[in-house]
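One-letter residues, chain by chain:
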Amino acid sequence: MSGTKKILVTSFALFSLFFGAGNLILPPFLGFATGNNWPLVVLGFAITAVLIPILGIIAHARVQGTMYDLGKKVSPIFSSIYCIIVYAISITIPSPRTASVTHEMAINPYFESSSLLTSSIYFALVLLFVMNRSKILDIIGKFLTPFIIIILSIIIVLGIVNASTLTIVDQSTSNLDVLTTGILEGYQTFDAIGAVVVGAVIVISINLKDSSSFENKRELITKAGIIAGLGLLIIYTGLIYCGATFGQNFSEEITRTEILTQISKNTLGAIGNSFLSVLVALACFTTAVGIVTGTSDYFRKLFDDSQLAYTITAICGCIIGVIIGSYNVEFIIDFALPALMFIYPITIVLIFLNVLPQKIGSPLLFKAVVLTTFLFSIPDFLKFVIPPENLTNVIEIIPLANYSLGWVLPAFTVFIAVLIIEKYRRPIGS
């Protein structure tokens, strides 16, 4: 396979592994909710749903190991605990959510079957793909992703054309509110977590088939990540714009999945639901395959490359998917919030720290920034566990805490402080 073809296949696979349930249903809802402020919400959403995930892939390209290698500079114990938490969250929230979205948007409109039946069949197929580990990259990159991109492009292009005669609703919301709404809604895509999970899947998939040098593989993964990121940005912008322009046709009570369904009907007419059903099923399925595969890869390595550990983890991940995937989408989204507020900030700073040049990214810097991030993200997590009014005094003294971003400035301050300290501690001439 030529170098260019390798990059394209890998970038297509990355795009597809990222692009799942949240990536489909969240952007149109954001456009609907923010109206004429849609460009600013695109910026916020792009930070957490495009920039950080692609930096995560670049971090994997630099490390070329597993998720464990991203956190080991903090400490081996921390990294092990972090990996287990991330994989536990991944197979209990974003993976099952793909089955729930598939049922609500691709199955339920046509068949009067139960969501449990849908999730059972769905994860049986996921397990089939996961057990054919060596073929995942080619199957997803060569065959499934092109269908996803074609259908998405048709919906967005026709949506933009049809929306040219519509007036976008004027939403009087502050710029900071809109920006932070986009940032926090980007959490719900799980793409930063997806980057540390599927990034490892891509690395292992390439290693199974490619014996080229470390540098060549780093270049391949980095270029593929950038291409996939540009694709995600274009798709998100189109979906958010469509949600903003068609928003005047929707009621205030409309759900995330209903917005996407209505946009599809408005752009493709009666056949729209059929196209959307295929799109949803493919996009969600590839993401679930990536998550279960990544989790199984980790536990296989944890148990000395045991195929039995891989198989047991894959089966357990699919069983969990069957059970939780039978619940409705809105329930799973609400259920995800506390977990996201806990693990997302730590994931973001680990990605940034691993992208830094090695001589800057010292163990002290990793420890100080991750610990600060953890401490200052606790109030954001507690908002969903105890009554928010009990945290008023704490939230008022932490900058940006009202926007659930109280960890950002403390982490940045500690980052700069450690860099300055290490610069003056460094021996002269080094």
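We now turn to the structure provided with this report. Predicted model only: the values in this text are computed from it and were never measured.

## Description of the overall build of the chain
(1) Moving on: Scanning the chain for helices and strands turns up 18 helices and zero strands.
(2) Moving on: Whereas a compact globule of 430 residues would reach a radius of gyration of roughly 22 Å, the chain reaches 21 Å, a difference of no more than 12%.
(3) Moving on: By residue count, 54% of the 430 residues in the chain fall in the buried class.
(4) Moving on: For the chain, restricting intrachain contacts to residue pairs at least 6 apart in sequence, the fraction spanning at least 24 positions comes to 83%.
(5) Moving on: Side chains of the chain give 23 positive and 23 negative charges; the mean places of these two sets differ by 17 Å.

## Examining the side chain of Ser-264
(1) Moving on: With respect to the element layout, Ser-264 can be found in helix 12 (residues 256–268).
(2) Moving on: Here Ser-264 falls in the buried class, since its relative accessible area comes to 0%.
(3) Moving on: Leaving out residues up to four positions away in the same chain, Ser-264 has contacts with Ile-155, Gly-269, Gly-272, Asn-273 and Leu-276.

## A few points about the pattern of salt bridges
(1) Moving on: The full count for this structure, using the stated rule, is four salt bridges.
(2) Moving on: Salt-bridge contacts for Asp-69 lead to Lys-72; the nearest nitrogen and oxygen are separated by 3.2 Å.
(3) Moving on: On the basis of relative accessible area, Lys-72 is assigned to the partly exposed category, the value being 42%.
(4) Moving on: Here Asp-297 and Arg-300 are joined by a salt bridge, their closest N and O atoms 3.1 Å apart. Here Asp-297 pairs with Arg-300, and both are found in helix 13 (residues 272–302), just three residues apart, close to one helical turn. Across this residue pair, the class does not change: Asp-297 and Arg-300 are buried.

## What to know about the environment of Ile-263
(1) Moving on: Relative to the helices and strands, Ile-263 is located in helix 12.
(2) Moving on: The spacing of Ile-263 and Phe-246 is 17 residues in sequence and 7.1 Å in space, taken between C-alpha atoms.
(3) Moving on: Leave out the neighbours within four places in its chain, and Ile-263 touches Pro-28, Ile-155, Cys-242, Gly-243, Phe-246 and Phe-250.

## Re unusual backbone geometry
(1) Moving on: In this structure, Asp-305 is a non-glycine residue whose phi angle is positive, near 55°.
(2) Moving on: Mapped onto the elements, Asp-305 comes out in the loop between helix 13 and helix 14 (307–324).
(3) Moving on: Overall, Asp-305 belongs to the exposed group, its relative accessible area being 59%.

## Some details on the packing of aromatic side chains
(1) Moving on: Overall, the coordinates contain 13 aromatic pairs when judged by the stated rule.
(2) Moving on: Measuring from centroid to centroid gives 6.5 Å for Phe-29 and Phe-32, while their planes differ by 50°, and the two rings are tilted. One end of the pair, Phe-29, and the other, Phe-32, are both in helix 2 (residues 21–34), three residues apart, so they sit about a helical turn from each other.
(3) Moving on: We classify Phe-32 as buried; its relative accessible area is 11%.
(4) Moving on: Plain terms: the ring middles of Phe-129 and Phe-285 are 5.0 Å apart, the flat faces sit at 90° to each other, and that makes the pair edge-to-face.

## Describing the environment of Ile-160
(1) Moving on: Looking at where Ile-160 falls in the secondary structure, it is placed in helix 8 (residues 136–162).
(2) Moving on: Of the residues examined, Ile-160 reaches a relative accessible area of 37% and is grouped as partly exposed.
(3) Moving on: Distance from Ile-160 to His-103, taken between C-alpha atoms, is 27 Å for residues 57 residues apart in sequence.
(4) Moving on: What Ile-160 contacts, discounting residues up to four positions off in sequence, is Tyr-241 and Cys-242.

## Thoughts on the side chain of Ser-404
(1) Moving on: Along the chain, Ser-404 turns up in the loop between helix 17 (392–397) and helix 18 (408–425).
(2) Moving on: Under the relative-accessibility criterion, Ser-404 is labelled buried at 9%.
(3) Moving on: In this structure Ser-404 touches Leu-184, Met-341, Asp-380 and Lys-383, once residues within four positions along its chain are discounted.

## Examining the packing of helix 6 (residues 94–107) against helix 15 (residues 329–355)
(1) Moving on: Contact geometry for helix 6 and helix 15: axes closest at 9 Å, N-to-C directions at 155°. With respect to helix 15, the axis of helix 6 lies roughly antiparallel. The element helix 6 and its partner helix 15 pack so that their crossing is left-handed. In this structure, helix 6 uses Pro-96, Arg-97, Ser-100, Val-101 and Glu-104 to contact helix 15, whose residues at the interface are Val-329, Ile-332 and Ile-333.
(2) Moving on: In terms of residue class, the contact of helix 6 with helix 15 is built from five nonpolar, one polar and two charged.

Criteria and thresholds
- Here the residue numbers are simple positions, counted from 1 along each chain's written sequence.
- Residue-level local features of this predicted model are given only where pLDDT is at least 70; pairs of side-chain atoms are given and counted only at 80 or more, and the full residue set underlies all totals for whole chains, interfaces and linings.
- With hydrogens and water set aside, each side-chain value is computed from the structure's full complement of heavy atoms.
- Strands are runs of DSSP state E lasting at least 2 residues, helices are runs of H or I lasting at least 4, and numbering of each runs from the N terminus.
- Both definitions apply: the radius of gyration is a C-alpha atom measure, and the globule rule equals 2.2 Å times residues to the power 0.38.
- Note on exposure labels: buried denotes an accessible area under 20% of the residue type's maximum, exposed denotes more than 50%, and partly exposed covers the range between, all computed with a 1.4 Å probe on protein chains only.
- The contact criterion used is simple: two residues touch if any of their non-hydrogen atoms lie within 4.5 Å.
- Positive residues here are Lys and Arg, negative ones are Asp and Glu, while His and the chain termini are left out of the count.
- Here the site of a charge means atom NZ of a Lys, CZ of an Arg, CG of an Asp or CD of a Glu.
- Each reported salt bridge corresponds to a side-chain nitrogen of Lys or Arg within 4 Å of a carboxyl oxygen of Asp or Glu.
- Note on aromatic pairs: the rings of Phe, Tyr and Trp (six-membered ring only in Trp) are paired at centre separations within 6.5 Å, and the planes decide the class, stacked below 30 degrees, edge-to-face beyond 60, tilted for the rest.
- Throughout, an axis means a line fitted to C-alpha atoms (over the contacting stretch in the case of helices), and angles, computed between N-to-C directions, take values from 0 to 180 degrees.
- The cut-offs work like this: below 35 degrees is roughly parallel, past 145 is roughly antiparallel, 65 to 115 is roughly perpendicular, and the gaps in between are oblique.
- Handedness of a helix crossing follows the sense of rotation of the near helix relative to the far helix, less than a right angle counterclockwise being left-handed and clockwise being right-handed.
- Polar here means any residue outside two lists: the nonpolar Ala, Val, Leu, Ile, Met, Phe, Trp, Tyr, Cys and Pro, and the charged Asp, Glu, Lys and Arg; Gly therefore counts as polar.

Remember that the coordinates give geometry; whether it matters functionally is a separate question.
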